[in-house]
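# Secondary and tertiary structure notes
In case you want the letters, here they are:
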Amino acid sequence: MRIVAVTACPTGIAHTYMAAARLEKIAKHFGHEIKVETQGAMGIENKLTESDIRQAQIAIFAVDIEVEGRERFNGVKVIQVALQEALKNPEGIFRKIQV
Amino acid sequence: MSPELSSTSLQFAFVCPLSAGMHARPASQFAGVANNFVSECVLTNLRNRRDANAKSVLSVISADIRHGDRCLVQVSGMDEQPAHTALRRFVEEALPSCDVPLAGSSTQTRNSVPRVLQAAGVSCYFGSSASPGIAHGKVVVVSAMSLPKGLTTETVTDPDEELKRIKLAIAAVRERIREKLTHSSSPLGEAVLQADLAMANDVLLDEKLAEQVSKGKSAGHAVLETGEFFIDLLRHSESEYVRERASDVEEISVQLLDEIYGVDLQKTVLPLEEPSIVVAETLGPQQLLALDRRWLKAIVLEYSGASSHALILARSHGIPTVVGVKNARLTLLPGLEVLVDANRGLVVPQFPAAVQRFYEREQKTLERQQEFLADDPGAPAITRDGKTLEVAANASSAEELRLAFENGADAIGLFRTEMNFLERDRPPSEEEQFAIYAQAARLSAGRPVIIRTLDVGGDKTAEYLNLPSEDNPFLGYRGVRIYGDHRELLQTQLQAILRASAHGRIQIMVPMISSLEEVLQCKAEIAKAKEHLQLQKIPFQPDIPIGIMVEVPSAAFILDQLCAEVDFFSIGTNDLAQYFLAVDRDNPKVAGLSNVLHPGFLRFLKRIVDEIHAAGKWVGMCGEMASDARYLPLLLGLGLDEISVSAVKIPELKRAVPQLSTADCKSLFTRVIARREIGEIDRLLASAQRLPSAQPLLNEELILLDSDSRNKEEAMQELVDSVYIAGRTQDRQQLEEALWAREAVYSTGLGFGFATPHCKTDAVTANSVGVLRFREPIDWGSVDSEPVRMIIFIAMREPQIANGHMQVFSTLARKLMNEDFREQLLAIEDSHNMMRYLGEELNISVC
């Protein structure tokens, strides 16, 4: 499965990047292809392009704050979880997707 | 109407409608009504069954009537009917509106308490720090009420005579209050005076005084004992409002004692016999000097100003002092064991194990921070752009001088001499003074020592000088102004200073100069002293530099003329601000206005420095303003040649100078003086003064691999302390709060036994990464509920998000998700290897 994801936390120093790393690792484990955009203190990095989003079957938002450029994801199935969920139980997120 | 109100006899009940209870003002009005009648009036608090004589304010207050208490009023006597009606009408109509809160009583700033202390559940008393340090001891309350020296055992020959003295005193005090009442312009001030008046009229007070006299006590003794009786009674009340009334009783008692013995009551010397915390409303410099310094561990004052002479003395003697502690004398009872944390402005009255542990760790933190600061104390303080600022010390004794040089002082910018003149019967001899000044010169080992000639007057007096008692001593006979009448004294001092100048680099400075004539007269006296020494063939430095204090505004407007006559200047900001802003710094009502950040004052300073420099002369600053690291960017912006501060401040200031550039500071100063309000200036300064430093992300002080912290609070405190020891924060409280604010969103415990507390805050001077590894795992509220073995913390400066450090932080965050990385972090044995490993993994240079 092709997945896009966005991570964003309140201070944007640590958890945004930890969650991104975690999602990347677990996705690989499940055999998915994933690209994670981080919205942290450095601004948007690894930005999802229009074609990234178009080609994805699902978008995961692991965020504690509003996603910047949410309208980019119109037409894509989005599941949104608290950022902590991506640290606590990332497997659970991917299992939910597979159902 | 409640059933009790349908009275069968001459009584009625009511429920106290006052949110603050029956405090002095309503009580005085109540008693006022009752006193219009001859009938006996009894007020009973039905909650605690206390009966009060309704005609006595003290008695009514002592019944401790609080909001919602049911009370009964019973009236009996000749005029019981009209008395009953009048009291009932008062209770129903006037009483509910007796409760206007006193203005200006709730301006207390709430300090925040470290989390470890909060978690320990101790309730602290708050004030603000006037002299840093931490000390522990038993409370000794300095009462304003005391008998004159030697009169503690007065013999009474005629009790009637004593009673008469008391009656006269009471009449005079009443008269004085009435007099004040006619001039009172605010209704609240009036209400307070009315309450005082009622207290002075109180029948219970009369009775108690008469009782004491009948026991053979003198008038003064009777007042003292009666005052103490009521103060004790009120102080033990459960209501804060009632406890506060104890100070009213004290006030009246002091006034009565003043009447009986005359106003210039000589305060008795308070003997201290064990480690003591002296608690007082306020302290004069004489009172402070009279205290036994072996046992004086700390001072707690109710008074809230920060620059009185007593406080300057406390600082120079290194006595921890907290000021502005509301009702300190009422809450800190004599004999109570307390800890004074004058660094944080706290008084801690309880010592559970967690608090003791906190302060043991705090002690180590402060010691390590001092060691870190004292790395190379003697090195000059040079700004990033190469300007040297001389950081000198204020001192008044050999001990202070030694401490100053240990701490890295470049010079002695102010050597005060008056301390040797106070607290004695005659002035020190020339020999005695020479010994002191010559020792100062020798201890300074070639570094300059600016000796200030005698500066007495104001609140510093010595009996043999016969200085008159003045209504307004700060505008009176002080400093250079007394020299004309005490030429011999001045000659003695000048000769002693000149003789000492043969032993080191001594300079002479004259205080309180307001005119050119004063300078010329002093120079003539110096010339005379030189001539005398020459005749005696006694060596001295012939071209000894002569300077003046700039502390009277008029001097600042004749600087062109003064520059032609003297070699150097030192700005005394305490007096200069007081005179310039028309604020009595010892008057708590206006002391808040004495703000050196007033844009007018800053412009004034700029004008002074520029004009002196234009004439090619040297100018320093020796007032309190120079001691505050917050103001350092402004002082560099002003272009001062030197700052002279208390010895303990030197390491901090010397370390701060190299972090700053004069160009930045000059532009900051220009922006600051263009601001219209002090608040804006404060904010601008707060953001600018934490200018970023060039420190690397990581240094060894930030890596602690054997932490004995036992819980999250202690761990957070420890990491904050490590940042402090590394010289990366001056505001531990703000850093701690920023970290906890992030934890409040959700725990930074990321699982796997790791946590990453982090924050963005200006409280750090440099972006920092640190490590804490625990001996025993700690609960962190982690996502996987596992205790934490190690924390990696990140503290980032707010405006610097866009630099390369953020890249490092995100790399670090990502790596923490990697098991191998975590295993390595747990396995590395020492901090040096930890530094190297992190440096490699994060691709950063470590020092």
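From a predicted model like this one, the values you see are computed outputs, not experimental measurements.

### With respect to the overall build of chain B
What chain B contains, in helices and strands, is 31 helices and 27 strands. Scored against the burial criterion, the 847 residues of chain B give a buried share of 47%. For chain B, the share of sequence-separated contacts (at least 6 apart) that also reach a separation of at least 24 residues comes to 71%.

### Things to note about the overall build of chain A
When helices and strands are counted, chain A shows four helices and five strands. Reading chain A from its N end, one meets helices and strands in the order β-α-β-β-α-β-β-α-α. Counting every position in chain A, which comprises 99 residues, the buried fraction comes to 41%.

### As for the environment of G43 of chain A
Along the chain, G43 of chain A falls in strand β3 (residues 43–45). Separated by 25 residues in the primary sequence, G43 of chain A and E68 of chain A place their C-alpha atoms 9.9 Å from one another.

### Quick notes on helix α3 (residues 80–94) of chain B
Residue and element names in this part refer to chain B. Look at α3: 20 Å from first C-alpha to last across 15 residues, which is about the 21 Å you get at 1.5 Å a residue. Where α3 is concerned, the buried positions are A83, H84, L87 and V91. Seen along its axis, α3 keeps its buried residues to an arc of 100°; they face one direction. Seen from the open side of α3, the exposed residues pointing more than 90 degrees away from its buried face are T85, R89 and E93. Check the buried side of α3 and you find it contacts β1 (11–15), α1 (24–34), β2 (40–45) and β4 (70–76).

### A word on the environment of A438 of chain B
All names here are of chain B. Here A438 lies in helix α15 (residues 430–443). Its 19 C-beta neighbours within 10 Å are what place A438 among the partly exposed residues. Distance from A438 to A500, taken between C-alpha atoms, is 4.4 Å for residues 62 residues apart in sequence.

### Observations concerning α15 of chain B
All names here are of chain B. Along its 14 residues, α15 runs 20 Å from first to last C-alpha, staying within 8% of the 20 Å computed at 1.5 Å per residue. Those residues of α15 not exposed but buried are Q433, F434, I436, Y437, A440 and A441. End-on, the buried residues of α15 take up no more than an arc of 165°, which puts them together on one face. Of the exposed residues in α15, those oriented more than 90 degrees away from the buried face are E431 and E432. Taken together, the buried residues of α15 touch α14 (398–406), β15 (412–415), β16 (449–452), α16 (487–500) and β17 (506–510). Looking one or two residues beyond α15, the residue adopting positive phi is A445, at roughly 45°.

### Regarding unusual backbone geometry
All names here are of chain B. Phi angles above zero are rare outside glycine, and A445 is one such case at about 45°. Structurally, the position occupied by A445 is in the loop between α15 and β16. In this model, K537 sits at a positive phi of 60°, which is unusual for a non-glycine residue.

### Observations concerning the sheet that holds strand β12 (residues 346–348) of chain B
All names here are of chain B. Reading across from one edge, β5-β12-β11-β7-β8-β9-β10-β6 is the order of the eight strands in this open sheet, with mixed pairing throughout. Edge positions in the sheet fall to β5 (125–126) and β6 (128–131), since each has one partner strand and no second. In this structure, strand β11 (residues 337–341) lies alongside β12, joined through three bridges in antiparallel fashion. Bridge pairing links L339 to V348 in β12.

### Considerations on the packing of helix α5 (residues 159–183) of chain B against helix α8 (residues 219–235) of chain B
Residue and element names in this part refer to chain B. Taken N-terminus to C-terminus, the directions of α5 and α8 make an angle of 60°; their axes are 8 Å apart at the nearest point. Of the possible angle classes, the one that applies to α5 and α8 is oblique. Of the residues in α8, those in contact with E162, R165 and I166 of α5 are A219, A222 and V223.

### So, the sheet that holds strand β4 (residues 58–63) of chain A
Across a sheet, paired strands are connected by hydrogen bonds in the backbone, their directions being either parallel or antiparallel. Residue and element names in this part refer to chain A. Here five strands make up an open sheet; going across it, the order is β3-β2-β1-β4-β5 and the pairing mixed. Across the chains shown, the open sheet's two edge strands, defined by having one partner strand only, are β3 and β5 (77–81). Recorded for the sheet is a direction-independent mean angle of 20° between the axes of neighbouring strands. With six bridges connecting them, strand β1 (residues 2–8) and strand β2 (residues 33–40) associate as parallel partners. Across the sheet, the residue bridging to T7 is T38, located in β2. Contacting β1, β2 and β4, helix α1 (residues 15–30) runs over the sheet at an angle of about 175° to β2.

### A few points about the confidence of the model for chain B
Residue and element names in this part refer to chain B. Per-residue pLDDT for chain B averages 85, and the proportion of residues at 70 or more is 88%. When mean pLDDT is taken per element in chain B, strand β19 (residues 568–571) scores highest with 98 and helix α6 (residues 187–200) scores lowest with 71. Contacts from residues 1–8, a stretch scored under 50 in pLDDT, to residues over four places away or in other chains number five contacts. Complex prediction metrics read pTM 0.61 and ipTM 0.86.

### Some points on the interface of chain B and chain A
Each side of the interface is counted separately: chain B has 21 residues, and chain A has 16 residues. Contributing elements (two or more residues each) for the side of chain B that touches chain A: α28 (732–745), β23 (749–751), β25 (758–760), β27 (788–796) and α29 (804–815) of chain B. Ranked by the residues each element gives to the side of chain B that touches chain A, the list is headed by α29 of chain B, at five residues. Its residues assigned to classes, the side of chain B that touches chain A comprises 13 nonpolar, four polar and four charged.

### Structural notes on the nonpolar core
Residue and element names in this part refer to chain B. Ranked by internal contacts, the top residues of the largest apolar core, which has 89 residues, are A409, I412, Y437, I548 and L635. Excluding residues within four positions of it along the chain, Y437 makes contact with I451, A496, I497, A500 and I506. Core analysis: the next-biggest nonpolar cluster, separate from the first, contains 78 residues, L697, A715, L812 and A813 among them.

### With respect to the pairing of strand β7 (residues 134–141) of chain B
Residue and element names in this part refer to chain B. With five bridges connecting them, β7 and β11 associate as antiparallel partners. Its bridge partner lying in β11, H136 is registered against L339. Relative to strand β8 (residues 276–280), β7 runs parallel, the two sharing four bridges. From the neighbouring strand, V141 faces β8, where its bridge partner is V279.

### Describing the environment of R402 of chain B
As for its placement among the helices and strands, R402 of chain B is situated in helix α14. Between the C-alpha atom of R402 of chain B and that of A647 of chain B, which follows or precedes it by 245 residues, the distance is 9.2 Å.

Rules used throughout
- Residues numbered from 1 in each chain as written.
- Chains lettered and ligands numbered in written order.
- Predicted model: local features only at pLDDT ≥ 70, side-chain atom pairs only at ≥ 80, totals over all residues.
- Helix = DSSP H or I, 4+ residues; strand = E, 2+ residues; numbered from the N terminus.
- Buried ≥ 20, exposed ≤ 12 C-beta atoms within 10 Å, placed from the backbone.
- Contact = placed C-beta atoms within 7 Å.
- Expected span 1.5 Å × (residues − 1).
- Arc of directions from axis to C-beta.
- Pairing = 2+ DSSP bridges.
- Axes fitted to C-alpha atoms, helices over the stretch in contact; angles between N-to-C directions.
- Parallel < 35°, antiparallel > 145°, perpendicular 65-115°, else oblique.
- pLDDT = per-residue confidence, 0-100.
- Nonpolar A, V, L, I, M, F, W, Y, C, P; charged D, E, K, R; others polar.
- Core = buried A, V, L, I, M, F, W, Y, C linked by C-beta atoms within 7 Å.

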